[in-house]
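Structural characterization, general
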Amino acid sequence: MSEKLSKVDLIGASVMLLVFHAVLALLNGAHTGLLLDTDAYMWLNRVLFLHQDGSWFNSVYPRINPPLGHEQHWTRPFDLLLYSGGWVASLFTDFKTGLHIWAVMLGPLLSVATLLALLWALRPLFIQQQSEALGILFTAQAALLATFLAGRSDHQILLTFLTVLHIGLITRLLLQRFQPSAALAAGVVAAIALWVSIESVLIVSISFTALVIAWCRDNREYGRKLHYYALSLLVTLFFALLLEEGIRGFTATMYDQISVFYLVAAALNLLLWLSVNKVAQRYPLRSVTRLALLAFSAAVAAALLQWLFPGFLQGPLQSVDSLYRAVRLEHISELQPVISIDAMQKQGWWPSMSRFIFWLGIALPALPMLFSRIVASNWPERSFWLFMGLGSTLFLVLAISQIRWANYAIIFLLPSYAWLVAWLVTHWGKRLSSRKLPLMRLTVYTVSILWVFFPSLLADSPQNTNKTADRAADLKMLSEYLNSVPSIAETPKTILANTDFGPELLYRTPHAVLSIPNHRYQPGFTATYEIFNAADIGTAHQLLTESNVDLILIRPSKGERSYYISPTRTDRFYDTLLADPPPPWIRPLGLPEPLAEHYRLLEIIEQDE
């Protein structure tokens, strides 16, 4: 039996995956050019600004809370990926149009690349039957389909792809003899992933842990692998920081993006590892002793980091503004738990369990199979399954608390799930005639894919994508209106609006907004909240003047009202804007139907009182 899939199998799995994404694009409106979340629009704003301004190191976006602007924690690798596709597409159309087309297509294309990367990643261990199961199962995982949706051009798609590449390289370090190229490549990919987003520190930590466990059994072979891996990580991080920030990057400490802190941490990691490994090679220490020595050295390194960078243990989100956390961050859908006691009490146990099964259901059969592989396998194969176990456990716990981690959990659970499905096909296939074998295979694969979706259908809780698409279409139509009214379009205005509207308004119009969805402190976000939540008109008027607001856009709805007004008060400025007539220094601008059904646009005509 061949140990790798044929080109026909690879093409078939890729086509099936693209078909799924095409169907989803028809359902959510991506086929019309809509982008599916605020981050996707903000990434395009960054790239367009880079294209127009030409300053690689200028990451302050000027049309957010002008004249101060706003600097996000996002970094340049995904900008560069978007820019490259937009530049190629601009050979056939203008840059903005080409960039938009590329952004819509990028998710499905990277999903195919991630599928092929996962099949490559597990090639040292998987034979044809297991690889076939892996390819088929990958194509229909809800968490992965959601990550790579057409029109969802967010850096998470690049992170997922890099994670799979990293898994493939660590797998080779665990299973194969030492090859400098594999260890060096693993360090490069890990550093690039950290450059894209600091959340990749979790993947790197799991990888080091798996290699350290293997090192405890064979300190010489795996010591060299860890040495090259840590060295490559440090060197690549150095150049990544230089490319991202220039010389200033070596003087600024940030925890939510690549900075000198992570460079120092990588240097300490390399120094720690060289020291511990040298001691272990010089003295015949037992595995437990080596592990204890490493743990002690890691504690010393952590204490040194705490001394050099006070507060690093608070994590990358320590700079989140408390108002932003309370008003918005805690209500973002992807930050909600997959399953919780509170949800069970409000909705009942069945809807909550169906939600868990929809996103993470393969964990139920995959975890027992994973445990059995850890117990039944011999070294070094056992080290691979321990690696999968570490990743599955960590990201399953994180995904249960925040759905945004579900794609990583699925990536680590898929190998054991594919192993189980392949075993079932092989086991039952031995008892069937060749005539019945295709039907059995089709049945097993169909059931193994679809069973996770049935509970959600029975609980009547599928994801409502049409509502999202309709809301996005409304904002697109509103932007077209703003661009068509001469009195508004002739001079860029500053718009006070729901924070979630900011990125798309920036993308579709020449106007400025006070804030966007971003966890870093934004004076404009505070001003938006204080204006809408002001208890008297005079205070709101003063804040509007200080913020140089020209237009106010509201979308009266329960969701928006809950952001800005107390449920026990009805005398806030937001309610005043809903009343007729508004204050004399505010003029309602009549919107055409159907916009008038959803939005209210007001112009500040005088702010000198």
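Each chain has its residues counted from 1, following the order in which its sequence is written. A pLDDT threshold of at least 70 governs which residues receive local features in this predicted model, and a stricter bar of 80 or more applies before side-chain atom pairs are shown or counted, although totals over entire chains, interfaces and linings include all residues. Neither water nor hydrogens contribute to the side-chain values; these are computed over all heavy atoms in the structure.

**Topic: the overall build of the protein chain**
Of the regular secondary structure elements, the protein chain holds 28 helices and 7 strands. The quantity called the radius of gyration is restricted to C-alpha atoms. Its globule counterpart is 2.2 Å times the number of residues to the power 0.38. For 609 residues, the compact-globule estimate of 2.2 N^0.38 gives 25 Å, and the C-alpha radius of gyration of the protein chain, at 27 Å, lies within 12% of that figure. Counting only C-alpha atoms and orienting by the principal axes, one finds that the protein chain spans roughly 80 × 65 × 55 Å. When a residue's accessible area, from a 1.4 Å probe over protein chains only, is under 20% of the maximum for its type it is buried; when over 50% it is exposed; and in between it is partly exposed. Going through the 609 residues of the protein chain one by one, you find that 54% of them count as buried. The contacts in the protein chain between residues at least 6 apart in sequence include a share of 71% that link residues at least 24 apart. Each accessible area value is a Shrake-Rupley result obtained with a 1.4 Å probe; residue values ignore everything except the protein chains displayed when judging cover. Accessible area for the protein chain stands at about 27000 Å²; split by element, carbon and sulfur atoms hold 64% of it. The protein chain carries 44 positive and 42 negative side-chain charges, and their two centres are separated by 18 Å. Strands are runs of DSSP state E lasting at least two residues, helices are runs of H or I lasting at least four, and both sets are numbered from the N terminus onward. Whether two residues are in contact is decided by their heavy atoms, any of which lying within 4.5 Å being enough. Within this scheme the basic residues Lys and Arg register as positive and the acidic residues Asp and Glu register as negative, but His and the chain ends are omitted. Taken as the charge location is NZ of Lys, CZ of Arg, CG of Asp or CD of Glu.

**Concerning the sheet that holds strand β7 (residues 600-604)**
Working definition: the strands of a sheet are paired by backbone hydrogen bonds and lie parallel or antiparallel to each other. The criterion for strand pairing is that DSSP finds at least two bridges linking the strands in question. Strand order in this open sheet of 5 strands is β4-β3-β5-β7-β6, and the pairing throughout is mixed. Either end of the sheet is taken by a strand with one partner, and the two such strands are β4 (512-513) and β6 (586-589). Sheet topology places β6 next to β7; 4 bridges connect them, and they run antiparallel. By the bridge assignment, I586 is partnered in β7 with I604.

**What about the layout of surface pockets?**
Only protein atoms enter the 1 Å grid used here. Points where a 1.4 Å probe fits but cannot escape make up a cavity, open sets with protein on both sides within 12 Å along at least five of seven lines make up a pocket, and a residue lines them when an atom lies within 4 Å of a point. Grid points are joined across faces, edges and corners, and a volume is the space filled by probe spheres set on the points. Considering only enclosed or pocket space, the second largest pocket measures out at about 950 Å³ in volume. Surrounding the second largest pocket, 29 residues form its lining, V201, S205, A265, N269 and L305 being those nearest its centre. Every element with two or more residues in the lining of the second largest pocket is listed here: α9 (201-217), α10 (219-245), α11 (260-282) and α12 (287-308). If one sorts the elements of the lining of the second largest pocket by residue count, α11 sits on top with 8 residues. Among the residues making up the lining of the second largest pocket, the classes are represented as 25 nonpolar, 4 polar and no charged. All residues other than Ala, Val, Leu, Ile, Met, Phe, Trp, Tyr, Cys, Pro, Asp, Glu, Lys and Arg, Gly among them, are scored as polar; the first ten of these are nonpolar and the last four charged.

**A look at the pairing of β7**
Of all 5 residues in β7, 5 are buried, a share of seventy percent or more. With burial as the criterion, each face of β7 is covered, one bearing R600, L602 and I604 and the other bearing L601 and E603. Direction of pairing for strand β5 (residues 551-554) relative to β7: antiparallel, over a ladder of 4 bridges. Bridge assignment links I554 to a residue of β7, and that residue is R600.

**Considering empty space enclosed by the protein**
Going through the model one piece at a time under the given rule, you end up with 3 cavities of 30 Å³ or more. Approximately 60 Å³ is the volume attributed to the largest cavity. Secondary structure elements with two or more residues in the lining of the largest cavity: α2 (38-53) and β1 (60-61). Per-element accounting of the lining of the largest cavity gives the leading share, 3 residues, to α2. There is about 40 Å³ of room inside the second largest cavity.

**Brief notes about the side chain of S352**
Within the secondary structure, S352 is located in helix α15 (residues 349-360). Not counting residues within four places of it along the chain, the set of residues in contact with S352 comprises V338, I339, A343, M344 and Q347.

**A few points about the confidence of the model for the protein chain**
The quantity known as pLDDT measures the predictor's confidence residue by residue, on a range of 0 to 100. Counting all residues, the mean pLDDT for the protein chain is 89, and 94% of those residues have values of 70 or more. This model gives residues 461-469 a pLDDT under 50, and the stretch forms 12 contacts once residues within four places in sequence are excluded.

**Quick word on the packing of α11 against α12**
To characterise two packed helices, one gives the angle between the axes of the helices and the distance between these axes. Every angle, taken between N-to-C directions, lies between 0 and 180 degrees, and every axis is a line fitted to C-alpha atoms, over only the stretch in contact when it is a helix. Contact geometry for α11 and α12: axes closest at 10 Å, N-to-C directions at 155°. Between α11 and α12, the interaxial angle falls into the category roughly antiparallel. As for the relative orientation of α11 and α12, their crossing is right-handed in sense. Across the interface between the two elements, F261, V264, A265, L268, L272, W273, V276, V279 and A280 of α11 pack against R290, L293, L294, S297, A298, A301, L304, L305 and L308 of α12. Looking at the contact of α11 with α12, its residues break down into 16 nonpolar, 1 polar and 1 charged. Our angle categories are set so that under 35 degrees counts as roughly parallel, over 145 as roughly antiparallel, 65 to 115 as roughly perpendicular, and the remainder as oblique. Each crossing is labelled by how the near helix is turned from the far one, with a counterclockwise turn of less than a right angle marking it left-handed and a clockwise turn marking it right-handed.

**Concerning helix α18 (residues 406-429)**
Compared with the 34 Å implied by 1.5 Å per residue over 24 residues, the 33 Å span of α18 between its first and last C-alpha is a close match. Bend is computed residue by residue as the angle between axes fitted to the seven residues ending at the residue and the seven residues starting at it. Helix geometry: α18 is bent most strongly at L414, by close to 40°, with proline P415 lying one to four residues after it. Of all the 24 residues making up α18, 19 are buried; the element is thus mostly covered by neighbouring parts of the structure. A helix is expected to span 1.5 Å multiplied by its residue count minus one.

**Topic: helix α24 (residues 523-532)**
Counted residue by residue, α24 has 7 buried out of 10 residues, so it is predominantly covered. Buried within α24 we find G524, F525, T526, A527, T528, I531 and F532.

**Brief notes about the nonpolar core**
Counting 161 residues, the largest nonpolar core has W215 and L360 as its most contacted members. Per element, the largest residue contribution to this core is 15 residues, and it comes from α18. Each residue touching L360, except ones within four places of it in the same chain, is listed here: V338, L396, A399, I400, A406, A409 and I410. Listed in part, the 19 residues of the second largest apolar core include L543, Y574, L577 and I604. Working definition of a nonpolar core: buried Ala, Val, Leu, Ile, Met, Phe, Trp, Tyr and Cys residues. They are joined through side-chain atoms within 4.5 Å.

**Let's talk about the pattern of salt bridges**
We define a salt bridge as a side-chain nitrogen of Lys or Arg found within 4 Å of a carboxyl oxygen belonging to Asp or Glu. One pass over the structure, following the stated rule, counts 14 salt bridges. Between R152 and E334 there is a salt bridge, with its nearest N and O atoms 3.5 Å apart. Here E334 lies in the loop between α13 (322-327) and α14 (341-347) and R152 lies in the loop between α6 (142-147) and α7 (155-175), a separation of 182 residues in the sequence. Assessed through its relative accessible area of 23%, R152 is described here as partly exposed. The salt bridge involving E504 is made with R508; its shortest N-O contact spans 2.8 Å.

**Structural notes on the packing of aromatic side chains**
Side-chain rings of Phe, Tyr and Trp, where Trp is taken by its six-membered ring, are said to pair if the distance between their centres is within 6.5 Å; with planes under 30 degrees apart they count as stacked, over 60 as edge-to-face, and otherwise as tilted. Counted by the stated rule, this structure contains 28 aromatic pairs. Aromatic pair W43 and F78: ring centres 5.0 Å apart, planes at 75°, arrangement edge-to-face. Of this pair, W43 sits in helix α2 while F78 sits in helix α3 (residues 76-89), placing them 35 residues apart in sequence. Take F78: its relative accessible area is 1%, and that puts it in the buried class. Seen in terms of ring centroids, F573 and W585 are 6.2 Å apart; in terms of plane orientation they differ by 10°. Their pairing is stacked. Of the two residues, F573 is situated in helix α27 (residues 573-578) and W585 in the loop between α27 and β6; the sequence distance between them amounts to 12 residues.

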